[in-house]
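Architecture at a glance
Single-letter residue listing:
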Amino acid sequence: MEKRRPLIAGNWKMHKTSAEAADFVRRFLPLVSGLRDRDIVLAPAFPALEAVAAALAGSAVALAAQDAFWETEGAFTGEVSPRMLAAAGCRYVILGHSERRQFFGETDETVRRKVAAVLAAGLIPIVCVGEREEERERGQTFSILDKQLRDGLKDSFTADAGRLVLAYEPVWAIGTGRTATAAQAQEAHAFLRNRLAELGTPAFAAGVRILYGGSVKPENTAELMGMPDVDGALVGGASLQAESFARIVAAAQPGPRKGTAIEP
Ligand code: PEP
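A few points on the structure. Here the structure is a predicted model, which is why all the values come from computation and not from measurement. (Residues numbered from 1 in each chain as written. Predicted model: local features only at pLDDT ≥ 70, side-chain atom pairs only at ≥ 80, totals over all residues. Heavy atoms only, no water.)

**What to know about the pattern of salt bridges**
In total, this model carries 26 salt bridges according to the counting rule given. Among the ionic pairs, Asp-108 bridges to Lys-147, the shortest N-O distance being 3.1 Å. Of this pair, Asp-108 sits in helix α5 (residues 108-120) while Lys-147 sits in helix α7 (residues 141-152), placing them 39 residues apart in sequence. By relative accessible area, Asp-108 is classed as buried at 12%. Via salt bridges that share partners, Arg-4, Arg-193, Asp-229 and Asp-231 belong to a single interconnected network. (Salt bridge = Lys/Arg side-chain N within 4 Å of Asp/Glu carboxyl O. Helix = DSSP H or I, 4+ residues; strand = E, 2+ residues; numbered from the N terminus. Buried < 20%, exposed > 50% of the residue type's maximum accessible area, 1.4 Å probe, protein only.)

**Quick notes on the site of the ligand**
As a structural note, the neighbourhood of the ligand is formed by 14 residues, with Lys-13, Glu-169, Gly-175, Ser-215 and Gly-236 the closest of them. With respect to the ligand, the side chain of Lys-13 contributes an N or O atom lying 2.6 Å from an oxygen atom. In the complex, the protein chains occlude 95% of the 300 Å² of accessible area that the ligand would expose alone. By residue class, the composition of the shell around the ligand is 4 nonpolar, 8 polar and 2 charged. (Near = heavy atom within 4 Å. Polar contact = N/O pair within 3.5 Å; in protein donor to acceptor, adjacent residues only side chain to side chain. Areas by Shrake-Rupley, 256 points an atom, 1.4 Å probe, with all protein chains shown as cover. Nonpolar A, V, L, I, M, F, W, Y, C, P; charged D, E, K, R; others polar.)

**Digging into the sheet that holds strand β5 (residues 124-129)**
Pairing within the closed barrel is parallel, and its 8 strands lie in the order β1-β2-β3-β4-β5-β6-β7-β8. Each strand of the sheet is rotated relative to its neighbour by a mean of 25°, with strand direction disregarded. As paired strands, strand β1 (residues 7-11) and strand β8 (residues 232-235) are joined by 4 bridges and run parallel to one another. Pairing of Leu-7 across the sheet is with Gly-232, part of β8. (Pairing = 2+ DSSP bridges. Axes fitted to C-alpha atoms, helices over the stretch in contact; angles between N-to-C directions.)

**Regarding the pairing of strand β2 (residues 39-43)**
Taking burial as the measure, the 5 residues of β2 include 5 buried ones, the bulk of the element. Taking every second residue as pointing to the same face, both faces of β2 are buried, with Asp-39, Val-41 and Ala-43 on one and Ile-40 and Leu-42 on the other. Pairing of β1 with β2 involves 5 bridges; the strand directions are parallel. Pairing of Gly-10 across the sheet is with Leu-42, part of β2. Chirality of the crossover, the property in question, places the unit of β1, helix α1 (residues 18-32) and β2 among those that are right-handed. With 2 bridges connecting them, β2 and strand β3 (residues 62-65) associate as parallel partners. When the sheet's bridge partners are listed, Val-41 is paired in β3 with Ala-62. (Right-handed = clockwise from strand over helix to strand, strands pointing away.)

**Notes on the side chain of Gln-148**
On the secondary structure map, Gln-148 appears in helix α7. At 2.8 Å, the side chain of Gln-148 forms a polar contact with the backbone nitrogen of Gly-130. Residue contacts for Gln-148: discarding those within four places in its chain leaves Arg-101, Asp-108, Val-129, Gly-130 and Leu-153. (Contact = heavy atoms within 4.5 Å.)

Function cannot be read off these values alone, since they describe shape.
In structure tokens:
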């Protein structure tokens, strides 16, 4: 059984200028320099990417963008291509975040096109899926996750599993302080991994990292990470302060990554 390396990503959303972002990095790097057994990722807003790339140079912390368009170049005012992001030093791209779905018309079809383009550019997509509160209350959590996964990753079930990251982010837990319980997170992650095995292969499913996102804090990280199918965290609010994000990274201990649902 493959071991999945923990991945902890900070999504800064529309926060921090270039100078503020670079200042964060200067304070953050010494706090995490000893933690070499996990992947750490920072996702600033577009204008801060190059400043953060420069501040991260020589460190093991990787850079992510918060979105990308699916075309490489052309008359698409306001958009940024995966090729541009790679040139700016990005290794990862967050796609399909619920805020993009809610406020900017992102659909499973646009996510599908973006995932394919990001993979083609040699970058690693972090694809977000998650149900809204009313969908959970109506008992639709699994059908929503199933649709987002099937349609959003339609072209990508044959991708190298190490080059694809999923994030389960229940919308009701994002920015609300209401974290999913570890059991709720594990249930959703196990469902997603089973579906990855069915839509791809068991080996593919075993290699894909599935992050949990939704009000992750230093205090709840270890319990969430203790779940067999939780491979890391996508962190919004608590990633904005260097000390709190470093505490989350420190708490995200690599464990025996068992992959319950798909034991070969
Ligand atoms: C997010 O934006 O992906 C997120 C999980 O936000 P928060 O940690 O603030 O809930």
